[in-house]
Amino acid sequence: VLAPRRLIASNVALKFIDLSGTPELVVGAGLRDTYVMAVGANGQARWQYYTGGFVGDVLAAEMDGDEYKEIVVLSDALYVLDGNGKQLWWHSRGQPTLVVASRGTRTNPGSVFAGAATVRRYAPGGSLLWESDLPSVHTMLLANLDEDAEPEVVTGCVDNVIAALDADGSLLWQAKTRTYEVQ
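As a convention, each chain's residues are numbered from 1 in the sequence order in which they are written. Owing to the predicted nature of the model, reporting of local features is limited to residues with pLDDT of at least 70; listing and counting of side-chain atom pairs is limited to 80 or more, with chain, interface and lining totals taken over all residues. In computing side-chain properties, one takes all heavy atoms of the structure into account and sets aside hydrogens as well as water.

1. So, the overall build of the chain
Of the regular secondary structure elements, the chain holds zero helices and 16 strands. A simple rule labels every residue: compare its accessible area, found with a 1.4 Å probe on the protein chains alone, to the largest value its type can have, and call it buried under 20%, exposed over 50%, or partly exposed in between. Counting all 183 residues of the chain, 48% fall into the buried class. By the convention used here, residues are in contact when the closest approach between their heavy atoms is within 4.5 Å. When contacts within the chain are restricted to residue pairs at least 6 apart in sequence, long-range pairs at least 24 apart make up 34% of them. Summed over all atoms, the accessible surface of the chain reaches about 9,100 Å², with 51% contributed by carbon and sulfur. Numbering of helices and strands runs from the N terminus, with a helix taken as a DSSP run of H or I at least four residues long and a strand as a DSSP run of E at least two residues long. Residue exposure ignores everything except the shown protein chains as possible cover, and the areas themselves are Shrake-Rupley values with a 1.4 Å probe.

2. Describing the pattern of salt bridges
Definition used for salt bridges: Asp or Glu carboxyl oxygen within 4 Å of a side-chain nitrogen of Lys or Arg. Under the defined criterion, the tally for this structure stands at two salt bridges. We note a salt bridge from Glu 131 to Arg 120, for which the minimum N-O separation is 3.4 Å. Of this pair, Glu 131 sits in strand β12 (residues 128-131) while Arg 120 sits in strand β11 (residues 119-122), and the two are eleven residues apart along the sequence. With relative accessibility at 34%, the residue Glu 131 sits in the partly exposed group. One salt bridge in this structure joins Glu 150 and Arg 121, with 2.5 Å as the shortest N-O distance.

3. Thoughts on the sheet that holds strand β13 (residues 137-143)
Should DSSP find at least two bridges between two strands, the strands are taken to pair. Within the open sheet, the four strands sit side by side as β13-β14-β15-β16. Their pairing is antiparallel. Looking along the sheet, the strands with just one partner apiece sit at the ends: β13 and β16 (171-176). On average, each strand axis in the sheet is inclined to that of its neighbour by 15 degrees, with strand direction left out of account. When strand β14 (residues 152-157) meets strand β15 (residues 161-165), the two strands line up antiparallel, connected through five bridges. Bridging from a neighbouring strand, Val 153 pairs with Leu 165 of β15. Convention adopted: a line fitted to C-alpha atoms gives each axis, helices being fitted over their contacting stretch, and angles between N-to-C directions are expressed from 0 to 180 degrees.

4. So, unusual backbone geometry
Peptide bonds are mostly trans, and most non-glycine residues show a negative phi. We note that Glu 147 has phi near 55 degrees; this positive angle belongs to a residue other than glycine. Structurally, Glu 147 is set in the loop between β13 and β14. Accessibility expressed as a relative area gives 74% for Glu 147, which makes it exposed. Here the phi dihedral of Asn 160 falls at roughly 60 degrees; this positive angle occurs in a residue that is not glycine. With respect to the secondary-structure elements, Asn 160 resides in the loop between β14 and β15.

5. Section: the packing of aromatic side chains
Each aromatic ring pair is summarised here by two numbers: the centre-to-centre distance and the angle between the ring planes. The pairing test for Phe, Tyr and Trp rings, Trp by its six-membered ring, is centres within 6.5 Å, and the orientation test on the planes gives stacked under 30 degrees, edge-to-face over 60, and tilted for anything in between. Scanning the entire structure with this criterion turns up four aromatic pairs. Taking 5.6 Å as the distance between ring centres and 65 degrees as the angle between the ring planes, the aromatic pair formed by Tyr 49 and Tyr 79 counts as edge-to-face. Here Tyr 49 is found in strand β4 (residues 45-50), whereas its partner Tyr 79 is found in strand β7 (residues 78-81), with 30 residues between them in sequence. On the numbers, 5.5 Å between centres and 40 degrees between planes, the contact of Trp 89 with Tyr 122 is tilted. Note that Trp 89 is positioned in strand β8 (residues 87-91) and Tyr 122 in strand β11, a separation of 33 residues in sequence. The exposure class assigned to Trp 89 is buried, which follows from its relative accessible area of 6%. A residue is classified by how much of its surface remains accessible, and Tyr 122, at 2% relative accessible area, is buried.

Structure follows, in structure tokens:
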């Protein structure tokens, strides 16, 4: 991979982000070079997107059912890009520290879930669907706990509470534990 000077990969997603049949490497760079880039199989950069802040996480997920992956970037804000590096939407409300995305179909679009001081759910177009009142979310994952069409959010909070939120943001349950890790 031909990498720019001072590239520090904060996270990497190897995905088919378009229908070319060739996987692209989506790399989050940080510290001085604050951008995300896609690298083709030949090692050449396909595109770069500057965030203006340290890139903490990069995900590639099909969220809107169009067969193309969206790129979710966690930085100074939450950014969602199309497979060509074009910004679809962004949110600067609070600085999220972790992010997960649910897979979408043509009839049931996916969502982006961002966590930090709380959990927020965003629609594929970027509108805020809900915000929880869980404090200090440290870890987060999606799991279909009730076998319906949408996954639930399971979080680990720094006060050693594990909680599950329904797809609508309502609290399903919470339990005091000895850890805040969920896997």
